[in-house]
Amino acid sequence: IEGRRITFHSEIKKTLKKYGFKIVSIKSLEGLDKNKDTALVLVKQKSVLNYHWICFPIDKNIETFFGKDTIVKEVYLIKK
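Because the structure is predicted, anything quoted here is derived from the model rather than measured.

Visitor: Would you explain the side chain of Asp37 in this entry?
Guide: Relative to the helices and strands, Asp37 is located in the loop between β1 (22–26) and β2 (39–45). The side chain of Asp37 is buried and forms no salt bridge, while Lys79, the nearest opposite charge, is found at 6.3 Å. Setting aside chain neighbours within four positions, we find Asp37 in contact with Gly31, Leu32, Phe56, Pro57 and Leu77.

What follows is the structure, given as structure tokens:
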């Protein structure tokens with residue numbers, strides 16, 4: 001039942017493409033500029049199947065999602 005609430009990568013890519021956006025998979029948040037870049041970030045709780053999509057730039061510390069157990073799994077830079 002929990003799986004019904006998942007938004008899959010393919011759904012995000014398809015929707016962004018539909019609206020004229022291109023996504024570029026990048027390795028980490030390190031190379032992003034919070035004044036210029038927009039990205040979708042998939043974070044995960046360590047040792048648990050608990051995932052969450054967040055938008056970059058992030059208003060708060062990324063660890064507020066799952067504490068020190070927060071792991072960045074995917075980063076998609078969004079370009080027009």
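Visitor: How should I be thinking about the nonpolar core in this particular structure?
Guide: What tends to happen in soluble globular proteins is that the nonpolar side chains get buried as a cluster. With 10 residues, the main nonpolar core is built from Leu32, Ala39, Val41, Val43, Ile54, Phe56, Ile62, Phe66, Val75 and Leu77. Residue assignment for this core shows that the elements contributing at least two residues are β2, β3 (51–56) and β4 (70–79). The greatest single-element share of this core, amounting to three residues, is contributed by β2. Filtering out sequence-adjacent residues up to four positions away, Phe66 remains in contact with Val43, Lys44, Gln45, Asn50, Tyr51 and His52. Counting residues in each nonpolar core, the second largest holds seven residues, with Leu16, Leu40, Trp53 and Ile78 among its members.

Visitor: So what exactly am I meant to see when it comes to the environment of Lys36 here?
Guide: Positionally, Lys36 belongs in the loop between β1 and β2. Relative accessible area serves as the criterion here: at 68%, Lys36 is assigned to the exposed category. Residues Lys36 and Lys14 lie 22 residues apart in sequence; the distance between their C-alpha atoms is 23 Å.

Rules of the game
- Residues numbered from 1 in each chain as written.
- Predicted model: local features only at pLDDT ≥ 70, side-chain atom pairs only at ≥ 80, totals over all residues.
- Heavy atoms only, no water.
- Helix = DSSP H or I, 4+ residues; strand = E, 2+ residues; numbered from the N terminus.
- Buried < 20%, exposed > 50% of the residue type's maximum accessible area, 1.4 Å probe, protein only.
- Lys, Arg positive; Asp, Glu negative; His and termini not counted.
- Salt bridge = Lys/Arg side-chain N within 4 Å of Asp/Glu carboxyl O.
- Contact = heavy atoms within 4.5 Å.
- Core = buried A, V, L, I, M, F, W, Y, C linked by side-chain atoms within 4.5 Å.

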